[in-house]
Amino acid sequence: IAGITQAPTSQILAAGRRMTLRCTQDMRHNAMYWYRQDLGLGLRLIHYSNTAGTTGKGEVPDGYSVSRANTDDFPLTLASAVPSQTSVYFCASSDWIGPSSYEQYFGPGTRLTVT
Amino acid sequence: AQTVTQSQPEMSVQEAETVTLSCTYDTSESDYYLFWYKQPPSRQMILVIRQEAYKQQNATENRFSVNFQKAAKSFSLKISDSQLGDAAMYFCALRGYDDYKLSFGAGTTVTVRA
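S.K.: Any details on the overall build of chain B? Residues and values, ideally.
M.R.: Secondary structure assignment for chain B yields 0 helices and 12 strands. Order of helices (α) and strands (β) in chain B, N terminus to C terminus: β-β-β-β-β-β-β-β-β-β-β-β. In summary, chain B has a C-alpha radius of gyration of 14 Å against a globular reference of 13 Å for 114 residues, a match within 12%. Here the C-alpha coordinates of chain B stretch approximately 40 × 25 × 20 Å along the principal axes. The proportion of buried residues among the 114 residues of chain B is 50%. Element-wise, carbon and sulfur atoms account for 45% of the exposed surface of chain B, whose accessible area totals about 5,500 Å². For chain B, the distance from the average site of its 11 positive side-chain charges to the average site of its 12 negative ones is 2 Å.

In structure tokens:
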């Protein structure tokens, strides 16, 4: 593979259930990000990680958690899903520093519906 | 804090014609990047063009060009010779030079009429 993969592609989830969205990149990027896309709001940053073992909160972190055990994987977990978490979720990666760090590469997205 | 505003939810253009998408922003950073991303129906986010704020020359990528007005904090995208494949949602985005955070506008949906 080349780039970023996300799984699942789409999911319907009952409220209160736990869900982990998976993200894997093979570009050896230091930094990874999770965004949610909502109509009229664009993409908003949920959490980020600038290196394995380190994570940080973005603009809308409540109800979500992440981990970064290695360079390639950055799963996003919804501990107890609520309908307001219905959205399209994008994972992205980039170099953290350096001349190429400006560009973030995006995965194909996961459409999540919480009922 | 930084904000990005796209005031045009939808734009329509005739094939082969030109369309201009508006974007205004606010940031306290002196050095930053501005971007336009394209999101076709496939949902994939595709970087169309970027502009470094310290560069006065407007960026151009084939049929895509920007009009960057730093003092006015304006960053518009012009699509020339529009093609059916240009139909997509377009997002304006901003990132501080030493920052990780990419801030997006709400998006503009472009429809291309054959």
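From this point, things continue past the structure.
S.K.: Please give an account of the side chain of glutamine 37 of chain A that cites residues and values.
M.R.: Relative to the helices and strands, glutamine 37 of chain A is located in strand β4 (residues 31–38). Assessed through its relative accessible area of 14%, glutamine 37 of chain A is described here as buried. Looking at glutamine 37 of chain A, its side chain comes within polar contact range of the side chain of glutamine 39 of chain B, at 2.8 Å. Apart from the residues within four sequence positions on either side, glutamine 37 of chain A is in contact with Gly42, Leu43, Ser87, Val88 and Phe90 of chain A together with Gln39, Met89 and Phe91 of chain B.

S.K.: Help me get a handle on the state of the cysteines, residues and values and all.
M.R.: Every disulfide links exactly two cysteines, by a covalent bond between their sulfur atoms. Inspection of every chain in the model, using the stated rule, returns 2 disulfides over all chains. Between the sulfur atoms of cysteine 23 of chain A and its disulfide partner cysteine 91 of chain A the distance amounts to 1.9 Å. Linking cysteine 23 of chain A and cysteine 91 of chain A, the disulfide has an S-S dihedral of approximately -70° and is accordingly described as left-handed. Taken as a pair, cysteine 23 of chain A in strand β3 (residues 19–25) and cysteine 91 of chain A in strand β9 (residues 87–94) lie far apart in primary sequence, 68 residues in all. Each sulfur of the disulfide joining cysteine 23 of chain B and cysteine 92 of chain B lies 2.0 Å from the other. An S-S torsion of about -70° defines the bridge between cysteine 23 of chain B and cysteine 92 of chain B as left-handed. Here cysteine 23 of chain B, found in the loop between β3 (19–21) and β4 (24–26), pairs with cysteine 92 of chain B, found in strand β10 (residues 88–96); they are 69 residues apart in sequence, far enough to count as distant. Like cysteine 23 of chain B, the residue cysteine 92 of chain B is buried in the burial classification.

Cut-offs used in this document
Residues numbered from 1 in each chain as written. Chains lettered and ligands numbered in written order. Predicted model: local features only at pLDDT ≥ 70, side-chain atom pairs only at ≥ 80, totals over all residues. Heavy atoms only, no water. Helix = DSSP H or I, 4+ residues; strand = E, 2+ residues; numbered from the N terminus. Rg over C-alpha atoms; globule rule 2.2 N^0.38 Å. Buried < 20%, exposed > 50% of the residue type's maximum accessible area, 1.4 Å probe, protein only. Areas by Shrake-Rupley, 256 points an atom, 1.4 Å probe, with all protein chains shown as cover. Lys, Arg positive; Asp, Glu negative; His and termini not counted. Charge placed at Lys NZ, Arg CZ, Asp CG, Glu CD. Polar contact = N/O pair within 3.5 Å; in protein donor to acceptor, adjacent residues only side chain to side chain. Contact = heavy atoms within 4.5 Å. Disulfide = S-S within 2.5 Å.

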